[in-house]
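So you can see what is in the structure, the chains are spelled out below.
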Amino acid sequence: MQANIVEVIVEIAQAHEGSLGILHSYIDAVAETGANVIKFQTHIAEAESSAFEPFRVKFSYEDTTRYDYWKRMEFTEEQWSGIKEHCERVGVEFMSSPFSQAAVDLLERLNVKRYKIASGELNNFLMLEKIAKTGKPIILSSGMGSYAEIERTLAFLKPFGNELSLMQCTTAYPTRPDQIGLNVISEMQEKFGLKIGLSDHSGTIFPSLAAVTLGAELVEVHAVFHKKMFGPDTIASLTLEELTELVRGVKFISEARGCTIDKNQNQQYSDLKRIFEKSLAVNKALPEGHVLTMEDLESKKPANHGIPANEYKSVIGKRLKKGLVKYAFLTAEDIEL
């Protein structure tokens, strides 16, 4: 069976802190881990936010409002074009989640391959219709959405004919083990029949590896150079070293899941079975005529040097035709049938 390719999407989001130089450093670092996709967020503060938007976590030393923060996270279209070109040059797909109609327009001018929708936009049908009309694949994060909301969004999108994928996600930073919801992966697979993944904020590699084992076809994690760095998501992110190990694990598990074995076929172990399996022996010196009991028997490697160890019951109560030294192999010629 051919192994499914499980994609690893690495979310940088705002870990660059508005620095173009740091952002480009992340592109090179993530590419070295072997991840498939590097994902940003395209924020246009005037289009998506206002002075009334509260902070999820009041972390910023320099931004008075959330609007100010988004403003500081903006890049020009020319800069975004350079970011996308850099990603493609080092062999990772550029992806960015839009948060406004204006951001979709910008990403369309960059000719992105597909769209990842943040869970807070799951009910933003205005933006979703604009994206759906591009005809491009859409990955939906379900973090804050109930099944009823997910079903409503999918029903809205399906008439447009886009390829749709769905991510189990928990909007908690970091996500505790009891909040991951690994059970939802199989539920979504059965319920929706779509490509299902996990978008994880635990700050560990474990949920994503478990998700791949359970059949997830996409995993998304945040990454950061160091967990002591400034920013709202660092505690929920992986280091580059952890990300490298995650990518290794995802590839390993993907291959293992995709390659079935037939436990009825074990011919390849013939030589090893002769080495590791055992033959019957006696555990003490025994005289001719001795009637064998279980307490007289031992099993010794290799196989094929006497009666197989799994046939021990066949010799119990049998009389020895000759004396045997301690730990001698027991053969059919040694006993009276």
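Thresholds, definitions, all that
- Residues numbered from 1 in each chain as written.
- Predicted model: local features only at pLDDT ≥ 70, side-chain atom pairs only at ≥ 80, totals over all residues.
- Heavy atoms only, no water.
- Helix = DSSP H or I, 4+ residues; strand = E, 2+ residues; numbered from the N terminus.
- Buried < 20%, exposed > 50% of the residue type's maximum accessible area, 1.4 Å probe, protein only.
- Contact = heavy atoms within 4.5 Å.
- Core = buried A, V, L, I, M, F, W, Y, C linked by side-chain atoms within 4.5 Å.
- Arc of directions from axis to C-beta.
- UniProt positions renumbered as here; feature names shortened; annotations may be inferred.
- 1 Å grid on protein atoms, 1.4 Å probe; cavity = no way out; pocket = protein on both sides within 12 Å on 5 of 7 lines; lining within 4 Å.
- Points joined across faces, edges and corners; volume = space filled by probe spheres on them.
- Nonpolar A, V, L, I, M, F, W, Y, C, P; charged D, E, K, R; others polar.

1. Looking at the side chain of His-86
- Of note, His-86 is situated in helix H4 (residues 77-89).
- Overall, the relative accessible area of 6% leaves His-86 in the buried class.
- If sequence neighbours within four positions are ignored, His-86 has contacts with His-24, Ile-27 and Asp-28.

2. Focus on the nonpolar core
- One finds Ile-12, Phe-40, Phe-94, Leu-140 and Leu-243 to be the most contacted residues of the largest nonpolar core, which totals 62 residues.
- No other element matches helix H10 (residues 240-258), which puts six residues into this core.
- Those residues in contact with Leu-140 that sit more than four places away from it in its chain are Ile-117, Leu-122, Leu-128, Thr-153, Leu-154, Leu-157, Ser-165, Leu-166 and Met-167.
- Within the second largest apolar cluster, twelve residues are counted, among which are Leu-280, Leu-292, Leu-324 and Ala-328.

3. Re helix H8 (residues 183-192)
- Inspection of H8 places Val-184, Ile-185, Met-188 and Phe-192 among the buried residues, and these make up the whole buried set. Down the axis of H8, the sector holding all buried residues measures 105°, keeping them to one side.
- In this fold, the buried residues of H8 make contact with helix H7 (147-157), strand S6 (164-169), strand S7 (195-200) and helix H9 (206-213).
- Gly-193 sits one or two residues past H8 and shows a positive phi near 65°.

4. Description of the UniProt feature "domain: AFP-like" (unreviewed entry) in the chain
- Following the UniProt record, the feature "domain: AFP-like" (unreviewed entry) maps to residues 279-337 here.
- Across residues 279-337 one finds 0% helix and 14% strand; the C-alpha atoms that close the span lie 18 Å apart.

5. Observations concerning empty space enclosed by the protein
- Under the criterion given, the structure shown has two cavities of 30 Å³ or more.
- Each pocket or cavity is described by its volume, and for the largest cavity that value is around 80 Å³.
- Along its surface, the largest cavity is lined by 14 residues, and Ile-12, Gln-14, Ala-15, Asp-233 and Thr-234 are the ones closest to its centre.
- A per-class count over the lining of the largest cavity returns seven nonpolar, five polar and two charged.
- In this structure, the second largest cavity occupies an estimated 40 Å³ of space.
- The wall of the second largest cavity is formed by Cys-169, Thr-170, Thr-175, Ile-180, Leu-198, Ser-199, Asp-200 and His-201.
- If one sorts the elements of the lining of the second largest cavity by residue count, S7 sits on top with three residues.

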